[in-house]
Protein chains: 4
Amino acid sequence: MAPRTPKLLVPIDLKKKPWEQKLPLHNRWHPEIPPVAGVKTGEIFRVEMVDATGGAIKDDNSASDIKHLDLSTVHYLSGPIRVVDEEGIAAKPGDILAVEICNLGPLPGDEWGFTAIFDRENGGGFLTDHFPCATKAIWYFEGIYASSTHIPGFVTYGVRFPGITHPGIIGTAPSMELLNIWNEREGDLEENGLKSYKLCEVLHSRPLANLPSTKGCLLRKIPEGTLEWEKIANEAARTIPGRENGGNCDIKNLSIGSKIYLPVFVEGANFSTGDMHFSQGDGEVSLCGAIEMSGFLELKCEIIRGGMKEYLTPMGPTPLHVNPIFEIGPMEPRFSEWLVFEGISVDESGRQHYLDASVAYKRVVLNAIDYLSKFGYSKEQVYLLLSCCPCEGRISGIVDAPNAVATLAIPTAIFDQDIRPKANKVPVGPRVVRNPDIPRCSYDGNLPITKNPGATG
Amino acid sequence: MAPRTPKLLVPIDLKKKPWEQKLPLHNRWHPEIPPVAGVKTGEIFRVEMVDATGGAIKDDNSASDIKHLDLSTVHYLSGPIRVVDEEGIAAKPGDILAVEICNLGPLPGDEWGFTAIFDRENGGGFLTDHFPCATKAIWYFEGIYASSTHIPGFVTYGVRFPGITHPGIIGTAPSMELLNIWNEREGDLEENGLKSYKLCEVLHSRPLANLPSTKGCLLRKIPEGTLEWEKIANEAARTIPGRENGGNCDIKNLSIGSKIYLPVFVEGANFSTGDMHFSQGDGEVSLCGAIEMSGFLELKCEIIRGGMKEYLTPMGPTPLHVNPIFEIGPMEPRFSEWLVFEGISVDESGRQHYLDASVAYKRVVLNAIDYLSKFGYSKEQVYLLLSCCPCEGRISGIVDAPNAVATLAIPTAIFDQDIRPKANKVPVGPRVVRNPDIPRCSYDGNLPITKNPGATG
Amino acid sequence: MAPRTPKLLVPIDLKKKPWEQKLPLHNRWHPEIPPVAGVKTGEIFRVEMVDATGGAIKDDNSASDIKHLDLSTVHYLSGPIRVVDEEGIAAKPGDILAVEICNLGPLPGDEWGFTAIFDRENGGGFLTDHFPCATKAIWYFEGIYASSTHIPGFVTYGVRFPGITHPGIIGTAPSMELLNIWNEREGDLEENGLKSYKLCEVLHSRPLANLPSTKGCLLRKIPEGTLEWEKIANEAARTIPGRENGGNCDIKNLSIGSKIYLPVFVEGANFSTGDMHFSQGDGEVSLCGAIEMSGFLELKCEIIRGGMKEYLTPMGPTPLHVNPIFEIGPMEPRFSEWLVFEGISVDESGRQHYLDASVAYKRVVLNAIDYLSKFGYSKEQVYLLLSCCPCEGRISGIVDAPNAVATLAIPTAIFDQDIRPKANKVPVGPRVVRNPDIPRCSYDGNLPITKNPGATG
Amino acid sequence: MAPRTPKLLVPIDLKKKPWEQKLPLHNRWHPEIPPVAGVKTGEIFRVEMVDATGGAIKDDNSASDIKHLDLSTVHYLSGPIRVVDEEGIAAKPGDILAVEICNLGPLPGDEWGFTAIFDRENGGGFLTDHFPCATKAIWYFEGIYASSTHIPGFVTYGVRFPGITHPGIIGTAPSMELLNIWNEREGDLEENGLKSYKLCEVLHSRPLANLPSTKGCLLRKIPEGTLEWEKIANEAARTIPGRENGGNCDIKNLSIGSKIYLPVFVEGANFSTGDMHFSQGDGEVSLCGAIEMSGFLELKCEIIRGGMKEYLTPMGPTPLHVNPIFEIGPMEPRFSEWLVFEGISVDESGRQHYLDASVAYKRVVLNAIDYLSKFGYSKEQVYLLLSCCPCEGRISGIVDAPNAVATLAIPTAIFDQDIRPKANKVPVGPRVVRNPDIPRCSYDGNLPITKNPGATG
């Protein structure tokens, strides 16, 4: 029996663009994207990946790359990978594909990442009405730790924390039937959002859904412009939201030793992965909010035959309305002290919402940003930090009408100062300035920005 | 210096009703409810409390007490307690009151609790359209562990878990100004919910808010029916939702060693506490979803003078729009293995919602209920279990339009069988039957119950 | 089914001496000490206990009670308790008695404890040649936390830590056969220690073993001086060391939720418990080194019939040469940061010992004491602290001749200052003096005290 | 500021012998071994290393390589590395060198390791009188997990656990003065062990110390046989034991994110490292007891000027009698359940020893081996397992004469069966046989093997 050296299935050359790679990548979900490679259950294999933007964001002190990022191209994924069992029989629709994450990390030579706030006209983020400007922070890695010159410290190194590294995206290829369901329901939202869904107008400045578009579409080696490409590009789902196939789940603890149980919709399962995060906070609030990086995964697959029927109850009109299951690995940083903020479903204008966890979560994130900004950080710095540090966002109460209660727990050890409230607050000492200017572009959009009495932007 | 024996400030006689106690309780928030006792900062004191219902629910095998529970009376609180500093100067509006939980537990002689689903016509719960029937489970405590004869096991004891015991409610008295804000905004929701808030009609079968009502109102020793009582009862806020003063926060980790930083709105702070939970899952989904019990707290207070201005930024039109902060204690059960479920903001009818964390959370809870019901439990049993076991409900993604992603992580160690998906599922063994019938009342209400293809009730 | 209210089996009146209690205590191991009570498997019962010295040590600022403590009386135990199964059949020799700790804590009204260094002529401790003087520290409890006015702080409260409360002693009654084995082997050590065991002379100032003695002996209600008392007192084993029956194991993590698997040597098992510790460091180095207190246990028993043969292999000449097994409970403080000291088996005179873990452990404790004394504490204060705080003492290497390596890991969170080595050490600030004088008696013994170049006393 | 890509300081070619490497290795401690490279404080650099035996042990099913291993060659170390500060000034004697472990792991392509029992005539181990035969187990790694075909399972994979990977050896070069101290004290032990140290004769079959020897000595590129080589080889200390310079500390938690504070004895510090362990149990009881492997470290250095005087109190006749300090990293596997065994200082013949932690530790390891062998494993398998799995060996009591109490805590999650004692033991199921024969050589030595009544070999 040989050692378990992972077989390199998808290599990445960091000097090349996603479409120039030896095994070109893709950035859409569609059953007809041809597999990049095949793998047997039990084998350990290595998949390398570019960052979600395919290298568009640079390690520098300007946010203009963020401001002008072409969002139609994200996320570049490695795959699809076709899975067969030890007898060579492919995974089948109705099976469950269990994928274990044996190892993962940044690509050697590329030990850095970025966290960004998108411009309000270009995707924005959870708090875009408070923070409309494109902003970014660069993070450098020292093994398990990340720190940023853009969030400088007071006593020593500034903010520094161990990352819980994970792939933001892992998912199986949808069947055409499932793809149609997605396109129909998301199209309906996009079309009828203001009318039937009664969403408030200000939101509609941003797209309600991300529908298929040929613009920016990469389908591995299928030549752009061909009939095949046109057909697939017009049907293929964007990778932005998480869906029944897994996809952009952004589960911050899906790290080393974890196992993902994915439903299989097409022969071979054809799973893809990408959007590597060095670390992320629950909710990934600034949208481009994790520490985005290139990276690698070492994986092992198992097929649970007939597992969908056995384990996954559809919660919707068809047997396809299911969701993956995850098993969290045993290797995580121990944090002993947490400061916890709370938000209720009353918005910044003082208006009461009915058990709305999204409003409560917005409130708690705003509360935490304001609190921490009293310790010498700018609000943008804290917004970026809460997007990417290992903070836990919980739904604490969802039943006590009319207030949903959300909480956000932040490990105090990530700061180089004591951030707890106290009777005699120690004044913030002389800052260890390393880079006082956080990269930021001004906002020149057309949308009016909320100016609530409590607004913080 | 003497040992730190806690001074008994609020005693409870379990044989008496809340209004018969030596120091009668209250079940409303109002600045004019007279303090039950005073305490100095630094002192350790003991506050005993009845369960949220004041003893209305019995340790038996019938759910009829749940079905007919008079919700106008919950939650019975111990307090208000007036706090002064070591010089005898009272806490003032604008201060922060820091309350440390030194110890807590069930009341001796009363080591049991209950978890319930309310009837759909009487409050319901998060999944009331799936589970409209009044149901309950009785839990017995063995030190830190709880187990229930109503959720029997297969191998040994059934489900058994260590509780993270905490008070569901702790809060300071609101000022009249804050009380008016509450009544106005909640009244507006109640009145204009369907119209302005565009909520779907089916929800309106349940009250949108819980407005002041004289019915069921208990105001310590102020005699019912007097002018003073009438005035206060008509103004006083219900204790159902968490608000700016803390209140019903239901933060499941607010256990021994924790510290709560509460804003002070009235002279003396006048804080009250109650609604003791032996254990609760994030969200407390079945509404009466924690393991509700009587209990005691041993507390110590500190005043941070001027702390509101220093630490709490208002997020709304007035300086009162703030929220408490919490510090979580160091003593918690270690769980090494978690199974994590996922839900997206597509509802059971297959309809797409826009970044709606409440819908995503509903989906993840339904997914988990269905999954676990494959291991020999009824769906009601799992619904009750997920309401009260130490499961973690997270907002994993809130930005990737159109899907919010919620996750629910369940520690696998609470089961006496292996609940992970596997290629060769072991058949569920002969059940160790102790009480196969979970107490349940039939639903005879008027509201149509959702009958989605994926519905599970 | 009734709630699990523990039945009070052994009550303690703190105003009375151990022999005046309603159910008098005992301080020896012998099969003929009559049971104090009986209990059925599955029942939850409460056992209260005095502290190990039976109240001889006072909450004051003098160490003279420590200096003159009559060690012939420790430890006062509650029990023996006879265990029968649900059919009323007693535990039998060869069975295993599994005892679960459901709950535990200090006795209400007595929330304090002490840690002491014995005088070198009166028992001494692990470092008696460095610290020959009787010393003590009083600790006060605030729920899970302990702090001491005798180990004052610099910034806030001084040293403060959550206790992992546990009984120092829990054990079953020995059979006469086992008792004879004990008395023979310990007598042989006492008699032939210097000769056959080649122990160095200086040690022999302290007794090598603690043999049976009628002095100080308490045997529950058997009247002192009677024939029965004389016989038993002359045979009964002292409670000082841990042995095959469990006894004084001092396992610092044996806290709430733990389970002890004890071998049964006599009909009914007849187990006793006592020597409650609010907290202890591994090794309990100062001998009276835990935070000693009165307290209570709530327990539940199970009998594993024939378990000794099934699970416990004798490691010695008879089937009685076995040891208990323990299962650690899930509820412990999380500490995220540890500073770890190291010691090797080279003693303070520079002499090399061969793979001697005791020497290595002495070295590591001395190293830690010296290090921490650089942060403003006296060495006695640190010695007391390391005896009782939740520090972990490990045998890291026991094979790499000639050095055994021992390590001592100390959670940094227990200090109110940063105790890590750093390039620019912050000077120790003005002390928050509360009681600068640690209670201490001078040493007026006859034994020469080691004066090694590296000695630290 | 560039990303933190580690600079490769010491590369390893796995196809070459230690002395054939581009930068040859060394296996002794001596101040005159020339540095292999230099590094600045703050830089991140990568050091690769062969396994302790330099590749002598093979991934096969025979233990003959273990039986005939030439122990004079271990451990091959990478280094010495000379450290200077940012101004280029070297670390000086009296400074502290702080080394942070940023990352570590097996070498790519070499994801396996071995655990072995040495033949009694060739080093033996902690339990050599019970287990005299050379034995080995091969482990394969799947990311953080290790499993062995030589310790097969019953239900699924057999024993499998996440490793806490660490370097067994890290240390600074000794000065000649310190080297002389070592050679003198260890020579004295070797010479006078039986006489002055009163060690029992049977032990003396194994060397009491490992004194300098030219045999097997490798001193980087200094040619063997030259005068320089002869001089150094005759003086240089073996790497077997841990000492004042750190060295073979075998601290099992010294993993990613940890920091080592090493005393500096020579200009430049000249630190070396090696003996990588995928995982180790406290004590590394079988001597070659960790999972030994090749590997890499990514490190960062800091110099604390004058740190020895500031932080390290000598505990011996000279200022050199110090020990390193360690800070444990935050990233470790969470284990929630531990089974704990206990041993007292009574040996297998029933003889009482006086507070001897080494004897107690031997007893607890024997107890654990026997217990676990009841679950279908052979005793050799368990002995190997306890040497390398993340079990914790504690000194629980060291003061209660005459018994030292040692405990060994084993995380139950590493087994694929429930190993707790229970009333109705489930019979061990059909084994998932993968390799029933553990590689083992017969013992043909001359030494009588202990045959105690309780002996287990």
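Quick notes on the rules
Residues numbered from 1 in each chain as written. Chains lettered and ligands numbered in written order. Predicted model: local features only at pLDDT ≥ 70, side-chain atom pairs only at ≥ 80, totals over all residues. Helix = DSSP H or I, 4+ residues; strand = E, 2+ residues; numbered from the N terminus. Rg over C-alpha atoms; globule rule 2.2 N^0.38 Å. Buried ≥ 20, exposed ≤ 12 C-beta atoms within 10 Å, placed from the backbone. Contact = placed C-beta atoms within 7 Å. Pairing = 2+ DSSP bridges. Least-squares fit on C-alpha atoms with pLDDT ≥ 70 in both. Expected span 1.5 Å × (residues − 1). Core = buried A, V, L, I, M, F, W, Y, C linked by C-beta atoms within 7 Å. Axes fitted to C-alpha atoms, helices over the stretch in contact; angles between N-to-C directions. Parallel < 35°, antiparallel > 145°, perpendicular 65-115°, else oblique. Nonpolar A, V, L, I, M, F, W, Y, C, P; charged D, E, K, R; others polar. pLDDT = per-residue confidence, 0-100.

Draft legend 1. The overall build of chain A, seen in detail. When helices and strands are tallied, chain A shows 6 helices and 21 strands. Here the C-alpha radius of gyration of chain A, 22 Å, is about what a compact globule of 457 residues would show, namely 23 Å. With 457 residues in all, chain A has 63% of them scored as buried.

Draft legend 2. A look at the interface of chain A and chain D. Contact with chain A, which involves 29 residues of that partner, is made by 29 residues of chain D. Bridge analysis of strand 18 (residues 331–333) of chain A against strand 18 (residues 331–333) of chain D gives 3 bridges, and the strand direction is antiparallel. Bridge pairing in strand 18 of chain D links A:E332 to D:E332.

Draft legend 3. Local environment of the relation of the copies chain B and chain A. Overlaying chain B on chain A yields an RMSD of 0.0 Å, the required transformation being a rotation through 180° with an accompanying axial translation of 0.0 Å. Those values place the two copies in the arrangement expected of a two-fold rotation axis. For chain B, the minimum C-alpha distance to the rotation axis belongs to B:R394 and amounts to 2.2 Å. Here 99% of the contact residues of chain B are again contact residues in chain A; the copies associate through an equivalent surface.

Draft legend 4. Main features of unusual backbone geometry. Cis geometry marks the peptide bond from C:V74 to C:H75, where omega comes out at -5°. Looking at the secondary structure, you find C:H75 in the loop between helix 1 (64–67) and strand 4 (77–84). Despite not being glycine, C:E284 has its phi angle at roughly 45°, a positive value. Structurally, the position occupied by C:E284 is in the loop between strand 14 (271–277) and strand 15 (287–292). The exposure class of C:E284 is buried, given the 29 C-beta atoms found within 10 Å. Even without being glycine, D:D250 reaches a positive phi, approximately 55°. Along the chain, the position of D:D250 falls in the loop between strand 12 (246–248) and strand 13 (259–263). Judged by the 27 C-beta atoms lying within 10 Å of it, D:D250 falls in the buried class.

Draft legend 5. Highlighting the interface of chain B and chain A. Chain B puts 99 residues into the contact, and the matching count from chain A is 98 residues. For the side of chain B that touches chain A, the leading source of residues is helix 5 (residues 357–373) of chain B, giving 8 residues. Looking at chain direction, strand 19 (residues 338–344) of chain A and strand 17 (residues 325–327) of chain B are connected through 3 bridges and run antiparallel. Bridge assignment links A:F341 to a residue of strand 17 of chain B, and that residue is B:I325.

Draft legend 6. Focus on the relation of the copies chain A and chain D. Expressed as a screw operation, the relation of chain A to chain D combines 0.0 Å of axial shift with a rotation of 180°, fitting to an RMSD of 0.0 Å. The overlap is high: 100% of the interface residues of chain A also sit at the interface in chain D, so the same surface is used on both sides.

Draft legend 7. Layout of helix 5 (residues 357–373) of chain A. For helix 5 of chain A, with 17 residues, the first-to-last C-alpha span of 24 Å sits near the 24 Å given by 1.5 Å per residue. For helix 5 of chain A, a buried count of 16 out of 17 residues is recorded, marking the element as mostly surrounded by other parts of the structure.

Draft legend 8. Up close: the nonpolar core. Counting residues in hydrophobic clusters, the biggest one holds 592 residues, and the most contacted among them are A:L97, B:L97, C:L97 and D:L97. Setting aside residues up to four positions removed in sequence, A:L97 forms contacts with A:V83, A:A91, A:T172, A:L262, A:V264, A:A269, A:F271, A:C301 and A:I303.

Draft legend 9. Fine view of the packing of helix 5 of chain A against helix 5 of chain B. Two elements in contact, helix 5 of chain A and helix 5 of chain B, have axes separated by 6 Å at closest approach and are oriented at 115°. Between helix 5 of chain A and helix 5 of chain B, the angle falls in the class roughly perpendicular. Only B:A357, B:S358 and B:Y361 of helix 5 of chain B make contact with helix 5 of chain A, whose side of the interface consists of A:A357, A:S358 and A:Y361. Taken together, the residues of the contact of helix 5 of chain A with helix 5 of chain B break down into 4 nonpolar, 2 polar and no charged.

Draft legend 10. Up close: the environment of A:D400. Following the sequence through the fold, A:D400 ends up in the loop between strand 20 (392–397) and strand 21 (405–411). With 25 C-beta atoms packed within 10 Å, A:D400 lands in the buried category. Apart from the residues within four sequence positions on either side, A:D400 is in contact with B:I240, B:P241, B:G242 and B:N248.

Draft legend 11. How the structure looks around the environment of D:A368. Residues and elements named next belong to chain D. Among the secondary structure elements, A368 is positioned in helix 5 (residues 357–373). A count of 27 C-beta atoms within 10 Å places A368 in the buried class. C-alpha separation for the pair A368 and G153, spaced 215 residues apart in sequence, amounts to 18 Å. The contact partners of A368, leaving out residues within four places of it in the chain, are F341, L386, L408 and I410.

Draft legend 12. Looking closely at the confidence of the model for chain A. Residues and elements named next belong to chain A. On average, chain A scores 90 in pLDDT, and the residues at 70 or more come to 90%. Note that pLDDT drops below 50 for residues 451–457; the model gives that stretch 22 contacts with residues more than four away or on any other chain. Interface predicted TM-score (ipTM) for the complex: 0.93; the corresponding pTM is 0.93.

Draft legend 13. Structural detail: the environment of D:V10. Take D:V10: it is sitting in strand 1 (residues 7–10). Between the C-alpha atom of D:V10 and that of D:P132, which follows or precedes it by 122 residues, the distance is 37 Å.

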